[in-house]
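Notes for the structure review
Chain by chain, the residues:
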Amino acid sequence: MAINPVMLLQLKASWDRFNQDHPKFLKFWRSAYKNGLEEGTIVEFKITAPDGKEMGSNLKLKSEDVELMRQVLEMYSM
């Protein structure tokens, strides 16, 4: 699978805009990572729609997930 550089630039621009709009999101993940995200950690997600409907899920982190998180946060200079 080839990487399209134009799509990467678009993704970066979208990510930068997301971070400007939601500055606490990346700070939360940095803090979580620094405080011990490790293999076996369970991460839960909850979504509440404007009409009040809720949906949730969770995942148990694998070592590869923790490494991916480290790489992403490193790109944004922890």
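Source: prediction; values computed, not measured. (Residues numbered from 1 in each chain as written. Predicted model: local features only at pLDDT ≥ 70, side-chain atom pairs only at ≥ 80, totals over all residues. Heavy atoms only, no water.)

1. What to know about the environment of Val-66
Note the following rule: Runs of E in the DSSP output that reach at least two residues are strands. Runs of H or I that reach at least four are helices, and both are numbered from the N terminus. In this analysis, two residues are considered to be in contact whenever any of their non-hydrogen atoms come within 4.5 Å of each other.
In this fold, Val-66 is placed in helix H3 (residues 63-75). As a C-alpha pair, Val-66 and Lys-46 span 20 residues in sequence and 20 Å in three-dimensional space. Every residue in contact with Val-66, bar those within four places of it in the chain, is listed here: Tyr-33, Leu-37, Glu-38, Glu-39 and Leu-61.

2. Focus on helix H2 (residues 23-34)
Selection criterion: Expected span, for any helix, means 1.5 Å times one less than how many residues it has. Using a 1.4 Å probe on the protein chains alone, a residue whose accessible area is under 20% of its type maximum counts as buried, one over 50% counts as exposed, and one in between counts as partly exposed. Note that the arc is defined by the directions from the helix axis to the C-beta atoms.
With 12 residues, H2 extends 17 Å from end C-alpha to end C-alpha; this agrees with the ideal 16 Å at 1.5 Å per step. Where H2 is concerned, the buried positions are Leu-26, Trp-29, Arg-30 and Tyr-33. For H2, the buried positions fall inside an angular range of 100° around the axis, keeping them on one side. The outward face of H2, more than 90 degrees from its buried face, is lined by the exposed residues Lys-24, Lys-27 and Phe-28.

3. Considering the packing of H2 against H3
Quick reminder of the rule: Angular values range over 0 to 180 degrees, each being the angle between N-to-C directions of two axes fitted as lines to C-alpha atoms, with helices fitted over their stretch in contact. An angle below 35 degrees is read as roughly parallel, one above 145 as roughly antiparallel, one from 65 to 115 as roughly perpendicular, and any other as oblique. Note on convention: the crossing is left-handed when the near helix lies turned anticlockwise from the far helix by less than a right angle, right-handed when the turn is clockwise.
Between H2 and H3, the shortest axis-to-axis distance is 11 Å and the interhelical angle comes to 125°. As judged from the angle between their axes, H2 and H3 are oblique. When the axes of H2 and H3 are compared, the crossing they make is left-handed. Residues Leu-26, Trp-29, Arg-30 and Tyr-33 of H2 lie in contact with H3, whose contacting residues are Val-66, Met-69, Arg-70 and Leu-73.

4. Concerning the pattern of salt bridges
Quick note on the threshold: Any carboxyl oxygen of Asp or Glu within 4 Å of a side-chain nitrogen of Lys or Arg constitutes a salt bridge here.
Scanning the entire structure with this criterion turns up four salt bridges. When the shortest N-O distance is used, the salt bridge between Glu-54 and Lys-46 registers 3.3 Å. Considered together, Glu-54 and Lys-46 belong to a single accessibility category, that of exposed residues. Residue Glu-74 is joined to Arg-70 by a salt bridge in which the shortest nitrogen-to-oxygen separation is 2.8 Å. Of this pair, Glu-74 and Arg-70 both sit in helix H3, four residues apart, which is roughly one turn of that helix.

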